[in-house]
2 protein chains.
Amino acid sequence: MKEKNNHISQNGSIGVFDSGVGGLTVLREIARALPNEDCVYLGDTARLPYGNKSRDTVTKFALKNSSFLVSLGIKFLVIACNTAASAGLDAVKESFDVPTTGVIKPEARRAATATRNGKVGVIGTRSTIASGAYELAIHQHDSGITVHSRPCPLFVPLAEEGWFEEDVTRLVAERYLMDLINEGIDTLVLGCTHYPLLKKVITETVGRDVALVDSAVPIAREVKDTLKSMGMLRDVNRRRRLTYYVTDDPKIFTQVGESFLGFPLDDVRHVDIAV
Amino acid sequence: MKEKNNHISQNGSIGVFDSGVGGLTVLREIARALPNEDCVYLGDTARLPYGNKSRDTVTKFALKNSSFLVSLGIKFLVIACNTAASAGLDAVKESFDVPTTGVIKPEARRAATATRNGKVGVIGTRSTIASGAYELAIHQHDSGITVHSRPCPLFVPLAEEGWFEEDVTRLVAERYLMDLINEGIDTLVLGCTHYPLLKKVITETVGRDVALVDSAVPIAREVKDTLKSMGMLRDVNRRRRLTYYVTDDPKIFTQVGESFLGFPLDDVRHVDIAV
């Protein structure tokens, strides 16, 4: 049964959640595309990462995170974590009345449009790749596209270690991406919000002729288009608020998040939904 | 206030928890040292890893895990995760009546005895190293020992990827361990239950003259000695049971755990305490 929310208001915030800091890249693009909108971000930093965990567990986490954001009176919900979107988007849509979208479909559409030779590579966490969600979404646009997928579990810890351009990262990238290169892909979906941090090494490994597609810009456009078509864009021109909640220590998140995004994170609060 | 447990029985199990599969190396040694004892293991696989998380959050996880094991009627509790032991051992001891011990102190004692030149290295997760728990425990034995510590966050994901002897792992090990080598350590504590999987590369990096100390054997001896001194060893010679609980999918744990330990894991059950 759906948790009813009869108070969806044009002045409500856009709610965004991710397992950790990765979804901040998505938040940043949404905030850029919609400069009048309040946004509230939840990072489930106490239970991250989601990428090696089972579909059932990740779906439960996604429902818990959504329930918290819905309780704040959001008008729109964005699942900014690819693993959570691949496992839990349908369950979240069934459980809550708030209009919801997730990463995966928007960038799948972009990849389907971008490829010229019909060979698309997809990299992501173990769980995202095992779900087959990208393959399905790309084939919904063009069933003739061949999709080559590869889980890259070490990319997240390498990004979190800050080793963006190290020899180690190059070696790992070569090992993970060699098969995709040999398949002749001309488009590569970065199917995890951390991977754009490794864009330089990934580009050098696959070559500049391969188009990289990440989640942030496509999902931000989708959020803007959907709110517009629903007549739910806020029309007041005023200073908007960005609020952050995390399930682990706000200090760690603020520190990592700021180095991740390159701008200050004010107003990071703790919420106790992970224990 | 302590959760009272009036049913501590000589026939109760030994409870062991870790964030994931790592503590199975500890369980294996306890099971070897005490072949008549039932053991019950909990891996908090839905919320792992603990290593980058705050002391408060890890302490809450440790209390939740302990509460579950205590509810099963265990006679002794072992915190097999270095991060959880460094953050939560005191809180767990205060909260439950069941005799409790954790990794860190036993291997600190061994390291203090093993060093000949008084220079001990300690590697572990960010959280374990930041806690200073090893330094404190080593100095309780010999305040003249110099302790050089280094967090090695990529060792866990490398071990979980199964890259035990890869060039990547060698490069990472050189980078992490170079400073400790330059300090002239003659003893190195592997302060995380995953690190013994990388023993070959670590030995090659630091050299065969550096003694490696891990948690499993020292803690198993401590458990045996304590139960013996308490008169709580079971004296019945019968087939014992090893039972496993995990907070994520039992299938993933069974698969990873078996490849980790090299022996089959029967009777792995799911318990829903992480959502």
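Keep in mind that this is a model prediction, so the values were computed, not measured. (Residues numbered from 1 in each chain as written. Chains lettered and ligands numbered in written order. Predicted model: local features only at pLDDT ≥ 70, side-chain atom pairs only at ≥ 80, totals over all residues. Heavy atoms only, no water.)

(A) Seen up close, the overall build of chain A. Per the secondary structure count, chain A includes eleven helices and ten strands. In terms of overall size, chain A behaves like a compact globule, its C-alpha atoms giving a radius of gyration of 18 Å where 275 residues would be expected to give roughly 19 Å. Taken over the C-alpha atoms alone, chain A extends approximately 50 × 40 × 40 Å along its principal axes. Relative to its 275 residues, chain A shows a buried fraction of 58%. A separation threshold of at least 6 residues defines the contact pool for chain A, and within that pool the share at least 24 residues apart is 77%. Accessible surface, chain A as shown: approximately 11,100 Å² in total, 47% of it carbon and sulfur. Between the mean site of the 33 positive side-chain charges and the mean site of the 34 negative ones, chain A shows a separation of 4 Å. (Helix = DSSP H or I, 4+ residues; strand = E, 2+ residues; numbered from the N terminus. Rg over C-alpha atoms; globule rule 2.2 N^0.38 Å. Buried < 20%, exposed > 50% of the residue type's maximum accessible area, 1.4 Å probe, protein only. Contact = heavy atoms within 4.5 Å. Areas by Shrake-Rupley, 256 points an atom, 1.4 Å probe, with all protein chains shown as cover. Lys, Arg positive; Asp, Glu negative; His and termini not counted. Charge placed at Lys NZ, Arg CZ, Asp CG, Glu CD.)

(B) Seen up close, the pattern of salt bridges. Here the structure, examined in full by the defined rule, presents 32 salt bridges over all chains. The residue Asp186 of chain A makes a salt bridge to Arg116 of chain A at a minimum N-O spacing of 3.8 Å. Here the residue Asp186 of chain A occupies a position in the loop between α8 (167–182) and β7 (187–190), and Arg116 of chain A occupies one in the loop between α4 (105–114) and β5 (119–124), the gap between them amounting to 70 residues. The class of Asp186 of chain A is buried, set by a relative accessible area of 6%. Given the relative accessible area of 63%, Arg116 of chain A is considered exposed. When the shortest N-O distance is used, the salt bridge between Asp38 of chain B and Arg234 of chain B registers 3.2 Å. Of this pair, Asp38 of chain B sits in the loop between α1 (24–33) and β2 (39–43) while Arg234 of chain B is found in the loop between α10 (216–229) and β9 (242–246), placing the two residues 196 residues apart along the sequence. Arg234 of chain B matches Asp38 of chain B in its accessibility class, with the two residues each being buried. (Salt bridge = Lys/Arg side-chain N within 4 Å of Asp/Glu carboxyl O.)

(C) Region of interest: the interface of chain A and chain B. Counting residues at the interface gives 35 residues for chain A and 35 residues for chain B. When chain A packs against chain B, close to 2,800 Å² is buried across both sides, 58% of that on carbon and sulfur atoms. The interface formed by chain A and chain B includes six salt bridges. Across the salt bridge formed by Glu166 of chain A and Arg175 of chain B, the nearest N and O atoms sit 2.3 Å from each other. At the boundary of chain A with chain B, the tally comes to 18 residue pairs in polar contact (both at pLDDT 80 or more). Only α2 (55–71), α7 (155–160) and α8 of chain A provide two or more residues apiece to the side of chain A that touches chain B. With six residues, the single largest contributor to the side of chain A that touches chain B is α8 of chain A. Among the residues making up the side of chain A that touches chain B, the classes are represented as 16 nonpolar, six polar and 13 charged. (Buried area = accessible area lost by both parts, 1.4 Å probe. Polar contact = N/O pair within 3.5 Å; in protein donor to acceptor, adjacent residues only side chain to side chain. Nonpolar A, V, L, I, M, F, W, Y, C, P; charged D, E, K, R; others polar.)

(D) Representation of a positive patch on the surface in the model. Residue and element names in this part refer to chain A. Taken together, Arg110, Arg221, Lys224 and Lys228 make up a surface patch of like positive charges. Of all the elements, helix α10 (residues 216–229) adds the most residues to the positive patch, at three residues. With respect to the helices, strands and loops of the structure, Lys224 is situated in helix α10. Classification of Lys224 by relative accessible area gives partly exposed; the value is 33%. (Patch = residues over 30% accessible without salt bridge, like charges linked within 9 Å, V, L, I, M, F, W, Y side chains within 5 Å.)

(E) Quick look at unusual backbone geometry. Going from Leu48 of chain A to Pro49 of chain A, the amide bond is cis rather than trans, its omega being -5 degrees. Examined against the element boundaries, Pro49 of chain A turns out to sit in the loop between β2 (39–43) and α2. Even without a glycine there, the phi angle at Ile104 of chain B is positive, about 100 degrees. Relative to the helices and strands, Ile104 of chain B resides in the loop between β4 (100–102) and α4 (105–114).

(F) Looking closely at the domain arrangement of chain A. All names here are of chain A. The domains assigned to chain A are domain 1 (14–102 + 217–270) and domain 2 (105–214). A separation of 22 Å is found between the C-alpha centroids of domain 1 and domain 2. Each partner contributes to the interface: domain 1 provides 22 residues, whereas domain 2 provides 19 residues. In this assembly, domain 1 packs against domain 2 so that about 1,600 Å² is buried in total across both faces, 53% of it on carbon and sulfur atoms. Broken down residue by residue, the surface that domain 1 buries against domain 2 is led by Asn82, Pro218 and Phe260, which jointly contribute 33%. Taken together, the connections running from domain 1 to domain 2 amount to eleven residue pairs in polar contact (both at pLDDT 80 or more). Counting residues per element, the ones that place at least two in the side of domain 1 that touches domain 2 are α1 (24–33), α3 (82–95) and α10. With five residues, the top contributor of residues to the side of domain 1 that touches domain 2 is α10. Each residue belonging to the side of domain 1 that touches domain 2 can be placed in one class, and the counts come to eight nonpolar, nine polar and five charged. (Domains from an automatic or database assignment.)

(G) Looking closely at the relation of the copies chain A and chain B. For the pair chain A and chain B, the best superposition has an RMSD of 0.0 Å and corresponds to a rotation of 180 degrees with a translation of 0.0 Å parallel to the axis. Taken together, the rotation and translation describe the operation of a two-fold axis. Looking at the rotation axis and the C-alpha trace of chain A, the residue lying nearest is Arg47 of chain A, at 2.2 Å. A share of 100% of the interface residues of chain A reappears at the interface of chain B, consistent with the copies meeting face to face through the same patch. (Least-squares fit on C-alpha atoms with pLDDT ≥ 70 in both.)

(H) Region of the structure containing the pairing of strand β1 (residues 14–18) of chain A. All names here are of chain A. With five of its five residues buried, β1 lies for the most part within the structure. Here β1 shows two buried faces, one formed by Ile14, Val16 and Asp18 and the other by Gly15 and Phe17. Relative to β2, β1 runs parallel, the two being bridged by five bridges. Residue pairing across strands places Val16 opposite Tyr41, the latter belonging to β2. Tracing the backbone out of β1, into α1 and back to the parallel element β2 gives a crossover that is right-handed. Relative to strand β3 (residues 76–79), β1 runs parallel, the two being bridged by four bridges. Of the residues in β3, the one forming a bridge with Ile14 is Phe76. (Pairing = 2+ DSSP bridges. Right-handed = clockwise from strand over helix to strand, strands pointing away.)

(I) Representation of the sheet that holds strand β7 (residues 187–190) of chain B. Residues and elements named next belong to chain B. As summarised here, the arrangement of the four strands in space is β6-β5-β7-β8, forming an open sheet in which the pairing is parallel. Taken across any chain shown, the strands that pair with only one partner, and hence form the sheet edges, are β6 (146–151) and β8 (211–213). Each adjacent strand pair in this sheet contributes to an overall mean axis angle of 20 degrees, direction not counted. Its contacts with the sheet put helix α8 (residues 167–182) on β5 (119–124), β6 and β7, and the angle it makes with β6 is roughly 170 degrees. (Axes fitted to C-alpha atoms, helices over the stretch in contact; angles between N-to-C directions.)

(J) View of the environment of Ile185 of chain A. All names here are of chain A. Within the fold, Ile185 resides in the loop between α8 and β7. Assessed through its relative accessible area of 7%, Ile185 is described here as buried. A C-alpha to C-alpha distance of 7.7 Å links Ile185 and Asn117, two positions 68 residues apart in sequence. Filtering out sequence-adjacent residues up to four positions away, Ile185 remains in contact with Asn117, Lys119, Val120, Gly121, His148, Leu180 and Val210.

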